[in-house]
Amino acid sequence: MLNADPLLSRPTLLNPSLLASALDQISHRANSEKDVWRLLTENFTVDLDAVAAILPRTEPEPHWLQTRR
């Protein structure tokens, strides 16, 4: 994660709707979820827990058991 530079002013996103809008715009430019996080933290000051709540979870594929015959 980017080290915060106290002299560099970044816009703060606290409103969930503004955060969702910024995520939507950034996700079109990003190649992966890692890039979304990087672009977001480079350009804005955000609550990372709020971002994690908005982003879809990456759940592992379920491993289905074979049925008995």
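Starting from 1, residues in each chain are numbered consecutively following that chain's sequence as written. Since the coordinates come from a predicted model, pLDDT governs what is reported: local features require at least 70, and pairs of side-chain atoms require 80 or more to be given and counted, while whole-chain, interface and lining totals use all residues. As a rule here, side-chain values cover all heavy atoms of the structure and leave hydrogens and water aside.

Trainee: Run through the overall build of the chain, naming residues and quoting values.
Mentor: In this description a helix means any DSSP run of H or I spanning at least four residues, a strand means any run of E spanning at least two, and both kinds are numbered starting from the N terminus. Scanning the chain from terminus to terminus reveals 3 helices and 2 strands. In the chain, the succession of α and β elements from N to C terminus is β-α-α-β-α. The rule is simple: take the accessible area with a 1.4 Å probe, protein chains only, and divide by the maximum for that residue type; under 20% is buried, over 50% is exposed, in between is partly exposed. Considering the chain as a whole, with its 69 residues, one finds that 20% of them fall into the buried category. In the chain, 52% of the contacts between residues at least 6 apart in sequence involve partners at least 24 apart. For the chain, the accessible surface area stands at approximately 6100 Å², while carbon and sulfur atoms represent 54% of it. Throughout, a residue-residue contact means that at least one pair of heavy atoms, one from each residue, lies within 4.5 Å. Here the open area of atoms and residues is found with the Shrake-Rupley method and a 1.4 Å probe, where only the protein chains shown may cover a residue.

Trainee: I'd like a rundown of helix α1 (residues 16–29), residues and numbers included.
Mentor: Helix length check: α1 (14 residues) gives 20 Å between terminal C-alpha atoms against 20 Å at 1.5 Å per residue, within 8%. What α1 keeps buried is the set Leu19, Ala22, Leu23 and Ile26. For α1, the buried positions fall inside an angular range of 105° around the axis, keeping them on one side. Residues Gln25 and His28 are exposed on α1 and point more than 90 degrees away from its buried face. On its buried face, α1 sits against β1 (12–13), α2 (33–43), β2 (45–46) and α3 (48–54). A helix is expected to span 1.5 Å multiplied by its residue count minus one. Read the arc as the range of directions from the helix axis to the C-beta atoms.

Trainee: Can you tell me about the side chain of Arg10, naming the residues and giving the values?
Mentor: Inspection of the secondary structure puts Arg10 in the segment before β1. We define a polar contact as two N or O atoms separated by no more than 3.5 Å, with the added condition that, inside protein, one atom must be a possible hydrogen donor and the other a possible acceptor, whereas residues neighbouring each other in sequence contribute only through side-chain atom pairs. From its side chain, Arg10 meets the backbone oxygen of Glu42 in a polar contact 3.0 Å long.

Trainee: Describe the pattern of salt bridges, and please don't skip the residues or the numbers.
Mentor: We define a salt bridge as a contact between a side-chain nitrogen of Lys or Arg and a carboxyl oxygen of Asp or Glu at a distance within 4 Å. Inspection of every chain in the model, using the stated rule, returns 2 salt bridges. Across the pair Asp35 and Arg38 runs a salt bridge whose closest N-O atoms are separated by 3.8 Å. Taken together, the residues span about one helical turn, with Asp35 and Arg38 both in helix α2 at a distance of 3 residues. Residue Arg38 is classed as partly exposed on the basis of its relative accessible area, which comes to 39%. Residue Glu42 is joined to Arg38 by a salt bridge in which the shortest nitrogen-to-oxygen separation is 3.2 Å. Residue Glu42 and its partner Arg38 are located together in helix α2, separated by 4 residues, close to a single helical turn. For Glu42, a relative accessible area of 34% gives the class partly exposed.

Trainee: Now, about the packing of α1 against α2: what can you tell me, with residues and values included?
Mentor: Running from amino to carboxyl end, α1 crosses α2 at an angle of 125°, the nearest separation of the two axes being 9 Å. One element, α1, and the other, α2, form an angle in the oblique class. The way α1 lies across α2 gives a crossing that is right-handed. On α2, the residues touching Leu23, Ile26, Ser27 and Arg29 of α1 are Val36, Leu39, Leu40 and Asn43. Every axis in this analysis is a line fitted to C-alpha atoms, fitted for helices over the stretch in contact. Angles between the N-to-C directions lie between 0 and 180 degrees. Each angle is binned into one of four classes, with values under 35 degrees roughly parallel, values over 145 roughly antiparallel, values of 65 to 115 roughly perpendicular, and all other values oblique. Handedness of a crossing is defined here by the sense of rotation of the near helix relative to the far one, left-handed for an anticlockwise turn of less than a right angle and right-handed for a clockwise turn.

Functional significance is not addressed by these values, which are geometric in nature.
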